[in-house]
Structure formats: C-alpha cells, structure tokens
Number of protein chains: 2
Amino acid sequence: MTINLIGTGNVAWHLANHLAKIPECTLQQIAGRSPEKREKFKHLAENVVTIDALQPATVTIIAVSDNEIEKVATLVPYQDTLVVHTSGSITIEAISQNRKGVFYPLQSFSKNDTVDFTNIPICIEATTKDDLDILQKLALFLSTKVYHIDSHQRKQAHLAAVFVNNFTNHCYTIAQELCDTHQIPFELLHALVGKTAQKAIDHSPSDVQTGPAKRNDTQVINEHLDMLQQEDHKSIYQTLTASIIAHYGKEL
Amino acid sequence: MTINLIGTGNVAWHLANHLAKIPECTLQQIAGRSPEKREKFKHLAENVVTIDALQPATVTIIAVSDNEIEKVATLVPYQDTLVVHTSGSITIEAISQNRKGVFYPLQSFSKNDTVDFTNIPICIEATTKDDLDILQKLALFLSTKVYHIDSHQRKQAHLAAVFVNNFTNHCYTIAQELCDTHQIPFELLHALVGKTAQKAIDHSPSDVQTGPAKRNDTQVINEHLDMLQQEDHKSIYQTLTASIIAHYGKEL
C-alpha cells in the first residue's frame, strides 16, 4: 500500500511519523506549500514535494485545515485513486475525486505532544465497500480501534468531542486561574482531574455526578457565585449549574 | 493515635476503611444516628455507637454533610481534644471545641467506588502548631500529598474542584447524550476523555486548548449551535465558547 500525505500541520506531522514506521506501507510522497515545513518532513517520505508533483498512490490523505480541504482536493493532479480527508466536521463530499473517503483520528493533536496511535479511535468512511476495506486495513496498521461512521454521525461525534475536550479543558483553565489567584498550587487538583476522567470511562458519567448543583444546594451555589470575580466565570457557573439541576431534577 | 469518626456517608465509609488498616492508628469509635448504617461499619472500629457515647480520642473526625457539621460538633460530649471536619467549603470556625481543625481529602467520593488514598491530596488546617502536627501525621498515614491551606484557600480550592470535577463531568454527560441520540458508541470518546485530562496534568491547560472556539471559527461554531437540540446545551456551548474566545483573543 502506497500513501501520499498532503499537509504539514499537527495532524500531518503525527500521521507521517506513524505511517513511516508501518512495514506494510510506503509513505511515497508528502506535499506542502512551505519550503521550510517541507524540510522538516524530509526524512519521513521518499520525496517531499509541492502538490502538483504528486504521483498516484493507493491512498492520498489530505490533512489540512477544514476550510482548505475542498480546494486542496481539486489541486490533486489525479482522479482515479482513493483520496480522503482527516476532518471530523467536513462531509465526505468535500473530496472531488471519484473515489473519496474520510480517515478521522478522533484525538486532539498538539505540537510537541507524543502520540500513541494504538489507542486513538479512527473513524472511517468511503462510498464503496472496496475503498472502505482499504481504509480499514490502513487504520488497523495504526490503531486497534476503528469505527465505520457516516458523515452525519462524524459531525455529531466531533460536536461531542468539543464538549469532552475543548470545554472540559477550559474548565481546567478556569480552575487553574482560581488557584493562581489564591496562591494554591494547581497540582492540588491533578488527582481530581485524573479521577474524574477515569470515572467517566469506567461508569456512565451521569451516574457519577456529584456536587452542589447535583444536590441543588443553593447556599453553596450562591457563595460560589459571590466568590467568582470574572463575569464569564460566573456565567459558566450559572449555565452549567442550571443544566445540572434541570438534568437531575427530572430524575427525582 | 486514637481516632473517633462521626458519620456513615461516603466520605466516612472510605475514611473508616482506610483508617482501620493503619497500624499506627486505633479506630476507637464510629458514631452514627441510623442503627442500620451503624451495622455496616461494625467490623471497622472497636465499637460503633451513637454520638453521646463517644469517649475522648486523639482526633475526632466529623464526616457529615456540610449543613450538619456545626450542629454535630456541639453534640460531641467532650471539649478538650482535637475535633476536625472533612469539608471543602465550611470554615474551621464551625467546630465549637477549643482544639479545632479541618481534614479535607480533595476527591469526589461515590458509593461502590474503590478509593486509593495514597494519591488523594489531603488539605489540613488547625489553630495551633501542635494540632497541625497531629493532622499532618495522620494525613501522611493515608496519603503522600498533604497541603496546609487555610479556610479561605480551601473554599477557593473547593470552588476550583467544582469546575474540574462537577462541570467537566456534566460536559461528559452531554457528550454521551449526543452520542446516544445518534447511535454512536460513547466509548469512541473514551480515549479523548483520558488524553484531555492527562494533557492538563502534564502541561498548563491553557497551553493545550484547541478547537473551534480557540480558533474563533464562527462557521463551525454556528453549525454546532444548529445541531444542538436542547436549549441548555446551546447555552452551555455559547457561554463556554464566548469565554474561550475572550480568553485567547486577549493573547493575540
């Protein structure tokens, strides 16, 4: 199986590093616009080029930002091999080629982060059984967790991922700011960060909810609102608390 | 060191089970109102009684709900040994005895949950150096992480813990509901739950924020708002997104 990879961002970087190590795959070409960024990928593929110099491969992976995918697909100089993108929120139809697909690793990739693909779920989609088989084979080289989900489900999964990743991380950020303001080491909360995540994995999160909102403890809730200095922190506290009260109130 | 424990709830249960195993401590008496609940604690202490039957111990731990602490302290039938409570949000002054303190394990305790105290931070407070030494000694029997923080800081840490635990868990709950609605297995997001928590521990959470709000990607944000069916989910999405945009906009 030969692979072409288009893109030089975080997702492309982590994919390239892992694809280069798979004995059954040849990372044939990597394409990028910036000569400096191409230089950093040079050791990972047989050649690193601009997009117009790409030669057909079994799978061409477009790993660029969401709003570039459609345009980049039209620049791929061949039509009859499988072309996929790696986005959670963009439909498969953004690919103009006849054989199209999606290869979406559901993880948040940061620069300088070590990534173990083995545990990263990869969501795949294609328009034919043969192409789905190719993507499944490729996904299983990287990860033990492969899911066939369609564009509609993938968008919903991406939205759910915003809650699980972006919003929880912002809650951590606010907690760290509160700690910093009052000379409390944030590491005091590290064990709770880990435990909360582990409980949500081991149980259903709604079964392990605790706290003043769950108990509808208005005295503690009002004290907390008085303690919060920033208006946006107050709004977040109020909105989440109201939602928790509504959620568990229904159960009573 | 002899210990009396008052309370038969989750915190009391986990504390009793761990205190009973410390060779250097004697769990002298456990007090509770309900005969059925006292029965469940019978194997853990020398005797399990009603509060009026307590005899002085080195430390008396009041592990009852926040709004009961002050009243329960007045019912302790002795005045001259150290009495502490285990709450994050209640001041040390809720204890009426001369020698008062706080022994707050910063963790979210659920029924049926196995608890490893070794990694749970214990926040201690007392009014004299001697009593602080006693609590430090006791805390180190249970955990490797002991913090001296005062009542003001402890309240702030408890508020930060609401963000880190209660609010993130509710974000997980919403994500699970979105998955359920669209026939997506929630386990698809398990790896992301774990990774997000681990990154916040390994890095500063504000350094690893990603997503449409961080990028101020209004197209994806508006699509997500259209996809959310429940008003409270929309409000949470909007409030957190606005806060993230404000936070990282400032940095630009």
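All of these numbers come straight from a predicted model, not from anything done at the bench.

Reading guide: rules and limits
Residues numbered from 1 in each chain as written. Chains lettered and ligands numbered in written order. Predicted model: local features only at pLDDT ≥ 70, side-chain atom pairs only at ≥ 80, totals over all residues. Heavy atoms only, no water. Buried < 20%, exposed > 50% of the residue type's maximum accessible area, 1.4 Å probe, protein only. Helix = DSSP H or I, 4+ residues; strand = E, 2+ residues; numbered from the N terminus. Arc of directions from axis to C-beta. Contact = heavy atoms within 4.5 Å. Buried area = accessible area lost by both parts, 1.4 Å probe. Salt bridge = Lys/Arg side-chain N within 4 Å of Asp/Glu carboxyl O. Polar contact = N/O pair within 3.5 Å; in protein donor to acceptor, adjacent residues only side chain to side chain. Nonpolar A, V, L, I, M, F, W, Y, C, P; charged D, E, K, R; others polar. Phe/Tyr/Trp six-rings, centres within 6.5 Å; stacked < 30°, edge-to-face > 60°. Least-squares fit on C-alpha atoms with pLDDT ≥ 70 in both. Pairing = 2+ DSSP bridges. Axes fitted to C-alpha atoms, helices over the stretch in contact; angles between N-to-C directions. UniProt positions renumbered as here; feature names shortened; annotations may be inferred. Parallel < 35°, antiparallel > 145°, perpendicular 65-115°, else oblique.

1. Focus on helix H8 (residues 218-227) of chain A
For H8(A), the complete set of buried residues consists of A:Val220, A:Ile221, A:His224, A:Leu225 and A:Met227. Seen from one end, H8(A) has its buried residues packed into an arc of 160°, which puts them on one side. Every exposed residue of H8(A) that faces more than 90 degrees away from the buried side is listed here: A:Thr218, A:Gln219 and A:Asp226. In this fold, the buried residues of H8(A) make contact with helix H7 (212-215) and helix H9 (231-249) of chain A together with helix H5 (151-181) of chain B.

2. Some points on the interface of chain A and chain B
Residue-level contacts link 86 residues of chain A with 86 residues of chain B. Roughly 8,300 Å² of surface becomes buried between chain A and chain B when both sides are summed, with 66% attributable to carbon and sulfur atoms. Counting the surface chain A buries against chain B, the share from its top three residues, A:Phe163, A:Val164 and A:Leu188, is 8%. Ionic pairing is found between A:Glu223 and B:Lys155, a salt bridge with its closest N-O pair at 2.7 Å. At the junction of chain A with chain B, the criterion picks out 45 residue pairs in polar contact (both at pLDDT 80 or more). Secondary structure elements with two or more residues in the side of chain A that touches chain B: helix H5 (151-181), helix H6 (190-202), H8 and H9 of chain A. Counting residues per element, the side of chain A that touches chain B draws most heavily on H5(A), which supplies 27 residues. Partitioned by chemical class, the residues of the side of chain A that touches chain B number 42 nonpolar, 35 polar and nine charged.

3. So, the packing of aromatic side chains
Here a ring pair, both rings aromatic, is described through the centre-centre distance and the interplanar angle of the planes. In this structure the tally under the stated criterion is ten aromatic pairs over all chains. Look at A:Trp13 and A:Phe41: their rings are 5.2 Å apart centre to centre, the planes differ by 85°, and that puts the pair in the edge-to-face class. With A:Trp13 in helix H1 (residues 10-19) and A:Phe41 in helix H2 (residues 35-41), the pair connects residues that are 28 residues apart, well separated along the chain. By relative accessible area, which is 3% here, A:Phe41 ends up buried. Connected via pairs of aromatic rings, a cluster forms that spans A:Phe163, A:Phe167 and B:Tyr237.

4. Side note on the relation of the copies chain A and chain B
Note on the copies: chain A fits chain B at an RMSD of 0.0 Å, the axial shift is 0.0 Å, and the rotation between them is 180°. The superposition of one copy onto the other is thereby described by a two-fold rotation axis. For chain A, the minimum C-alpha distance to the rotation axis belongs to A:Thr168 and amounts to 2.4 Å. Both copies share a contact surface, since 100% of the interface residues of chain A are interface residues in chain B too.

5. Structural notes on the sheet that holds strand S4 (residues 59-62) of chain B
Residue and element names in this part refer to chain B. Sheet architecture is open: eight strands sit in the order S3-S2-S1-S4-S5-S6-S7-S8, paired in mixed fashion. This sheet does not close on itself; its edge strands, each paired only once, are strand S3 (47-49) and strand S8 (146-148). Adjacent strand axes in the sheet meet at a mean angle of 25°, parallel and antiparallel pairs treated alike. Bridge analysis of strand S7 (residues 122-126) against S8 gives three bridges, and the strand direction is parallel. When the sheet's bridge partners are listed, Ile 124 is paired in S8 with His 148. On the sheet, helix H1 (residues 10-19) packs against strand S1 (2-6), strand S2 (26-31), S4 and strand S6 (100-105) and is oriented at approximately 160° with respect to S1. Contacting S1, S4, strand S5 (82-85), S6, S7 and S8, helix H4 (residues 129-142) crosses the sheet at an angle of about 165° to S7.

6. What to know about the sheet that holds strand S8 (residues 146-148) of chain A
Residues and elements named next belong to chain A. The strand order S3-S2-S1-S4-S5-S6-S7-S8 describes an open sheet built from eight strands, whose pairing is mixed. Bordering the open sheet on either side are strand S3 (47-49) and S8, each of which pairs with just one other strand. Adjacent strand axes in the sheet meet at a mean angle of 25° when their direction is disregarded. Running over the sheet, helix H4 (residues 129-142) touches strand S1 (2-6), strand S4 (59-62), strand S5 (82-85), strand S6 (100-105), strand S7 (122-126) and S8 and is turned about 165° from S7. Contacts between H5 and the sheet are confined to S5, S6 and S7, with S6 contributing the most and set at about 20° to the helix.

7. Digging into the UniProt feature "domain: DUF2520" (unreviewed entry) in chain A
UniProt's feature table lists "domain: DUF2520" (unreviewed entry) at residues 120-243 of chain A, given in the numbering used throughout. Helix and strand shares over residues 120-243 of chain A are 69% and 6% respectively, and the end C-alpha atoms of the span are 30 Å apart.

8. As for the UniProt feature "domain: Pyrroline-5-carboxylate reductase catalytic N-terminal" (unreviewed entry) in chain A
Sites flagged by UniProt as "domain: Pyrroline-5-carboxylate reductase catalytic N-terminal" (unreviewed entry) map to residues 3-84 of chain A. Measuring from the first to the last C-alpha atom of residues 3-84 of chain A gives 11 Å, for a span that is 29% helix and 24% strand.

9. What about the packing of H5(A) against H5(B)?
In contact at an axis separation of 9 Å, H5(A) and H5(B) are set at 175° when each is read in the N-to-C sense. The pairing of H5(A) with H5(B) is recorded here as roughly antiparallel in orientation. Residues A:Leu159, A:Ala160, A:Phe163, A:Val164, A:Phe167, A:Thr168, A:Cys171, A:Tyr172, A:Ile174, A:Ala175, A:Leu178 and A:Cys179 of H5(A) form the contact with H5(B), whose participating residues are B:Leu159, B:Ala160, B:Phe163, B:Val164, B:Phe167, B:Thr168, B:Cys171, B:Tyr172, B:Ile174, B:Ala175, B:Leu178 and B:Cys179. Class assignment for the residues of the contact of H5(A) with H5(B) results in 22 nonpolar, two polar and no charged.

10. Side note on the pattern of salt bridges
Residue and element names in this part refer to chain B. Under the criterion given, the structure shown has 16 salt bridges over all chains. With a closest N to O distance of 3.5 Å, Lys 42 and Glu 39 form a salt bridge. Judged by relative accessible area, which is 48%, Glu 39 ranks as partly exposed. A salt bridge links Lys 129 to Asp 133; the nearest nitrogen and oxygen atoms lie 3.0 Å apart. Of this pair, Lys 129 and Asp 133 are both found in helix H4, four residues apart, which corresponds to roughly one turn of the helix. According to the relative accessible area criterion, Lys 129 is exposed, its value standing at 58%. For Asp 133, a relative accessible area of 36% puts it in the partly exposed group.

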